[in-house]
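# Reading the structure
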Amino acid sequence: RAKADGRDTFRFYEKQMGQEVRMRRLMEHELRHAVSRNEFSLVYQPQKKLDTGETIGFEALLRWHHPERGSISPAVFVPVAEDSGAIVPIGEWVLETACNDAAGWDSHVTVAVNVSAVQLHSPEFAHKVHEILLRTGLPPRRLEIEITETALVRDMNRALATLRQLKTLGVMVAMDDFGTGYSSLSNLRAFPFDKIKIDGSFVRSVDTNRQAATIVKAVLGIGRGLGLPVLAEGVETTEELKFLASEFCQIGQGYLLGRPAPLSSMKDDKVATPSAA
Ligand code: C2E
Ligand code: MG
Ligand code: MG
Ligand code: MG
């Protein structure tokens, strides 16, 4: 009986797994066509100086509007697109769209674009970025590539070569989700980053949680020592904001400072004017 139970359990899991694999295959297939079917859009979230409140840039965040299943989070579909390789054409669409949009904004406002490991490790990546900058007319200084630490570990030398090419173009590079990856500190030393983004998990309750406060202060100290500006992600309350400002954190991003919004609704924003198109 125990043996039979085991077999039943196994068949149950096999069936479940089969379903999951089928769902994933379906999503991979759909993602391959999603660009040409215009199912993607970008929303932009402001990045503000904490001393003056000035908007200095926007992060482009990808949204997938599935015809049947509605809006799907990038946390769900980006990993699938990375596995299947679909993230390369999708990422190109993101870069091109974001640069094109940003070219119409005030000349000091930057656009930050998330780039995944698969893109970073493609040998043509920096070349593609160069082409897109030329095509859209966006000055390289106004493009910031956001990279998570997990994107670096796969092939450090390849990643370093690409980052150096990007730096040569004049593009800025930010370390995203700082503190959540592997060996953060050695990555800061080995790679030519221009900015550190402290992960929202450390910013949350920074005003009341001693551990979070200690970590955030330490990262701010590292940023000061290395001469790198630090951006705090996920700022949600005025208490968090006050704490960050009192510790001289330069830049913040989060629902309190502005929610991600489509370009069309940024028309009212005096800082960023959408392109005339
Ligand atoms: P991320 O780059 O760290 O982006 C920040 C995430 O935090 C975004 O989630 C943003 O909407 C969310 N967020 C902003 N402010 C707050 C806040 O105050 N509180 C909370 N709880 N969350 C806040 P989103 O848009 O769902 O994106 C999730 C992740 O998906 C991103 O994390 C990024 O890693 C990835 N992603 C998004 N767009 C792209 C893309 O175009 N390409 C690639 N490769 N990855 C992308
Ligand atoms: Mg990011
Ligand atoms: Mg982040
Ligand atoms: Mg993240």
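Residues numbered from 1 in each chain as written. Chains lettered and ligands numbered in written order. Predicted model: local features only at pLDDT ≥ 70, side-chain atom pairs only at ≥ 80, totals over all residues. Heavy atoms only, no water.

## Describing the pattern of salt bridges
Inclusion rule: Any carboxyl oxygen of Asp or Glu that lies within 4 Å of a side-chain nitrogen of Lys or Arg is treated as forming a salt bridge with it. Secondary structure counts use DSSP, requiring at least four H or I residues in a row for a helix and at least two E residues in a row for a strand, with both numbered from the N terminus. Think of it in three bands: with a 1.4 Å probe and only protein chains considered, a residue is buried below 20% of the maximum accessible area for its type, exposed above 50%, and partly exposed in between.
By the definition in use, this model includes eight salt bridges. With a closest N to O distance of 2.5 Å, D83 and R24 form a salt bridge. You can see D83 sitting in helix 2 (residues 74–84) and its partner R24 sitting in helix 1 (residues 2–34), a full 59 residues away along the chain. Judged by its relative accessible area of 56%, D83 falls in the exposed class. Its relative accessible area of 35% is what places R24 among the partly exposed residues. Note that E144 is salt-bridged to K195, the shortest N-O span being 3.2 Å. One end of the pair, E144, is in strand 5 (residues 143–148); the other, K195, is in strand 7 (residues 195–198), with 51 residues separating them in the sequence.

## Comments concerning unusual backbone geometry
What you tend to see is this: most non-glycine residues have negative phi, and most peptide bonds are trans. Even without glycine at this site, N38 takes up a positive phi of about 55 degrees. Examined against the element boundaries, N38 turns out to sit in the loop between helix 1 and strand 1 (40–49). Judged by relative accessible area, which is 68%, N38 ranks as exposed. Even without being glycine, S205 reaches a positive phi, approximately 60 degrees. Examined against the element boundaries, S205 turns out to sit in the loop between helix 9 (200–203) and helix 10 (210–226). For S205, a relative accessible area of 31% puts it in the partly exposed group.

## Comments concerning the site of ligand 1
We apply this condition: Here a residue counts as near a molecule or strand whenever at least one of its heavy atoms sits within 4 Å of it. Identification of polar contacts relies on pairs of N or O atoms within 3.5 Å, with a donor-acceptor requirement for protein atoms, meaning one able to donate a hydrogen and the other able to accept it, and with residues adjacent in sequence counted only if both atoms are side-chain atoms. Using the Shrake-Rupley algorithm and a 1.4 Å probe, accessible areas are obtained, with residue cover drawn only from the displayed protein chains. Residue polarity is assigned by list, with Asp, Glu, Lys and Arg as charged and Ala, Val, Leu, Ile, Met, Phe, Trp, Tyr, Cys and Pro as nonpolar; anything else, Gly included, falls into the polar class.
Taken together, 21 residues are adjacent to ligand 1, and R63, N114, D176, E236 and Y255 come closest. For ligand 1, an oxygen atom lies 3.2 Å from a polar atom in the side chain of E233. Y255 is positioned such that a nitrogen or oxygen atom in its backbone is 2.8 Å from an oxygen atom of ligand 1. Starting from 800 Å² of accessible surface for ligand 1 in isolation, the protein chains cover 79%. Only strand 2 (55–66), helix 2 and strand 6 (172–178) provide two or more residues apiece to the shell around ligand 1. It is strand 2 that provides the largest number of residues to the shell around ligand 1, a total of four residues. Across the shell around ligand 1, the residue classes break down as eight nonpolar, five polar and eight charged.

## Some points on the coordination of the magnesium ion (ligand 3)
To be explicit about the condition: For Na, K and Ca the donor cut-off is 3.2 Å; for every other metal, N, O and S atoms count as donors within 2.8 Å. Water does not enter the count, which can leave sites looking incomplete.
Within the protein, the atoms that donate to the magnesium ion (ligand 3) are D176 (OD), D177 (OD), E233 (OE) and E233 (OE), at distances of 1.9 to 2.4 Å. Site description for the magnesium ion (ligand 3): donor spacing in sequence, D-D-x55-E. In this structure, the magnesium ion (ligand 3) lies 4.1 Å from the magnesium ion (ligand 2), and both are coordinated by D176. Taken together, the positions of D176 in strand 6 and E233 in the loop between strand 8 (230–232) and helix 11 (238–246) put the pair 57 residues apart, joining distant regions of the chain.

## Some points on the pairing of strand 7
What counts is decided by this rule: At least two bridges found by DSSP between two strands are what make those strands a pair.
The two faces of strand 7 match: K195 and K197 on one face and I196 and I198 on the other face are all buried. Note: strand 6 against strand 7, three bridges, orientation parallel. When the sheet's bridge partners are listed, M175 is paired in strand 7 with I196. Bridge count for strand 7 against strand 8 is three bridges, and the pairing is parallel. Paired with K197 across the two strands is L231, which belongs to strand 8.

## Topic: the nonpolar core
Applied cut-off: In these notes, a set of buried Ala, Val, Leu, Ile, Met, Phe, Trp, Tyr and Cys residues joined through side-chain atoms within 4.5 Å is what counts as a nonpolar core.
Within the largest apolar cluster, 72 residues are counted, with the highest numbers of intra-cluster contacts made by L31, Y44 and L143. Looking at which element gives the most residues to this core, the answer is helix 3 (residues 87–102), with seven residues.

## Quick notes on the coordination of the magnesium ion (ligand 2)
The magnesium ion (ligand 2) binds to the protein through E59 (OE), N114 (OD1), E146 (OE) and D176 (OD), with metal-donor distances spanning 2.0 to 2.2 Å. Spacing between the donor residues of the magnesium ion (ligand 2) along the chain follows E-x54-N-x31-E-x29-D.

## Points about the environment of E96
Using the following cut-off: Should any heavy atoms of two residues lie within 4.5 Å, those residues are counted as being in contact.
Within the secondary structure, E96 sits in helix 3. The class of E96 is partly exposed, set by a relative accessible area of 26%. Between the C-alpha atom of E96 and that of I132, which follows or precedes it by 36 residues, the distance is 5.9 Å. Ignoring any residue separated from it by four or fewer positions in sequence, one finds E96 in contact with I132, R135 and T136.

Purely spatial values, then, with no claim about function.
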